[in-house]
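Listed here are the chains, written in short residue letters.
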Amino acid sequence: MGKTHRVLPVFALGAGVNPEVEEMSVPTKYDLPDVNRVVISGEVLVDPPLRSTRRGVPVTNFTIASVRLEPQPEGPPREERSYIRIVAWSNLAEHCHRLLRKGDQVVIIGELQTASASGASGQQTYLQVNAKWVQFPQGRLRENRERGGQAANQGAAGDAETGESGA
């Protein structure tokens, strides 16, 4: 089953101009692949809880705070904080639960997706990052290895990754 691509019009000045013929052949369509990749770093706000779906697939949801410095015309830069919801599935969820703690600095690579939840104010839709790769704190990985854990063996040193979304 192949991926579908959006076809967008392309306008390029001077593209395909042949001065001898004095005709202009401009490509009118271009295949643009869908790219959904997010790289985010920040501080873990709570210890990631572990739960399972009805089918027994491990999942964890947690939030990170990412800080960005906004330059000001006068004075020091203003700190702007964004809160990003993260979801991890399967083995990666178990590793996040075991190795991440409140206050840890992490780098996460994943895909942006929408999710919905119903609450007192009705149905709400929000954006979250479906984590595919997480860089765990180095010190915690060493402690885990000494206790017989395996998380650090699933990627480059200090990283764990999974190719499954689990949903």
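Numbering of residues starts from 1 in each chain and follows the order in which that chain's sequence is written. At least 70 in pLDDT is required for a residue's local features to be given in this predicted model, at least 80 for side-chain atom pairs to be given and counted, and no such filter applies to totals for whole chains, interfaces and linings, which use all residues. By convention in this description, side-chain values take in all heavy atoms of the structure and omit both hydrogens and water.

Regarding the overall build of the protein
Counting its regular elements, the protein contains 2 helices and 11 strands. Across the protein, helices and strands are ordered from the amino to the carboxyl terminus as β-β-β-β-β-β-β-β-α-β-β-α-β. In the protein, which comprises 167 residues, the share counted as buried stands at 28%. Note on contacts: a residue pair is in contact if any heavy atoms of the two residues lie within 4.5 Å. Across the protein, the fraction of contacts at a sequence separation of at least 24, relative to all contacts at a separation of at least 6, is 54%. Accessible areas in this description were obtained via Shrake-Rupley with a 1.4 Å probe; residue shielding takes into account the shown protein chains only. In the structure as shown, the protein presents an accessible area of about 11500 Å², 50% of it carried by carbon and sulfur atoms. Starting at the N terminus, helices and strands are each numbered in turn, a helix being any DSSP run of H or I of at least four residues and a strand any DSSP run of E of at least two. Exposure is judged per residue with a 1.4 Å probe applied to protein chains only, and the accessible area is read against the type maximum: over 50% gives exposed, under 20% gives buried, and values in between give partly exposed.

Let's talk about the packing of aromatic side chains
For any two aromatic rings, the description comes down to two numbers: the centre-to-centre distance and the angle of the planes. Aromatic contacts are taken between Phe, Tyr and Trp rings whose centres are within 6.5 Å, Trp giving its six-membered ring; a plane angle under 30 degrees counts as stacked, one over 60 as edge-to-face, and the others as tilted. Here the structure, examined in full by the defined rule, presents 0 aromatic pairs. In this analysis the charged atom, NZ for Lys or CZ for Arg, is taken to sit over a ring once it is within 6 Å of the ring centre and within 35 degrees of the ring normal. Sitting above the plane of the Y126 ring, R85 keeps its charged end 3.9 Å from the centroid.

Let's talk about the nonpolar core
A general feature of soluble globular proteins is that nonpolar side chains tend to end up buried together. If you look at the biggest cluster of nonpolar residues, it comprises 19 residues, and the most contacted ones within it are F62, I64, I86, C96 and I108. In this view, I108 contacts V38, V39, I40, F62, I64, I86, V129, A131, W133 and V134; residues no more than four positions away in its chain are not counted. Residue types Ala, Val, Leu, Ile, Met, Phe, Trp, Tyr and Cys, when buried and joined through side-chain atoms within 4.5 Å, form a set referred to as a nonpolar core.

Notes on the pairing of strand β8 (residues 78–89)
Every other side chain in a regular strand lies on the same face of the sheet, so the side chains alternate between the two faces. As judged from the 12 bridges shared by strand β7 (residues 58–70) and β8, these two strands associate in the antiparallel manner. Paired with V59 across the two strands is W89, which belongs to β8. Paired strands are those between which DSSP finds at least two bridges. Pairing of β8 with strand β10 (residues 122–135) involves 2 bridges; the strand directions are parallel. Residue pairing across strands places V87 opposite N130, the latter belonging to β10.

Regarding the pairing of β7
Here 2 bridges tie strand β5 (residues 38–44) to β7, and the two strands are oriented antiparallel to one another. Along β7, the bridge assignment pairs V44 with I64. Alignment of strand β6 (residues 51–52) against β7, held across 2 bridges, turns out to be antiparallel. Bridging across to β7, S52 finds its partner in P58. The antiparallel hairpin formed by β6 and β7 contains 5 residues in its connecting segment, where G56 sits at a positive phi of about 85°.

What about the pattern of salt bridges?
Where charged atoms of side chains with opposite charge meet at close range, the side chains can pair. Any Lys or Arg side-chain nitrogen found within 4 Å of a carboxyl oxygen on Asp or Glu counts as a salt bridge. Under the defined criterion, the tally for this structure stands at 4 salt bridges. Where R68 meets E70, a salt bridge forms, and the shortest distance between an N and an O atom there is 2.9 Å. The exposure class assigned to R68 is partly exposed, which follows from its relative accessible area of 44%. Residues R81 and E79 are paired through a salt bridge, measuring 3.4 Å at the closest nitrogen-oxygen approach. The network of salt bridges with shared partners includes R68, E70, R78 and E80.

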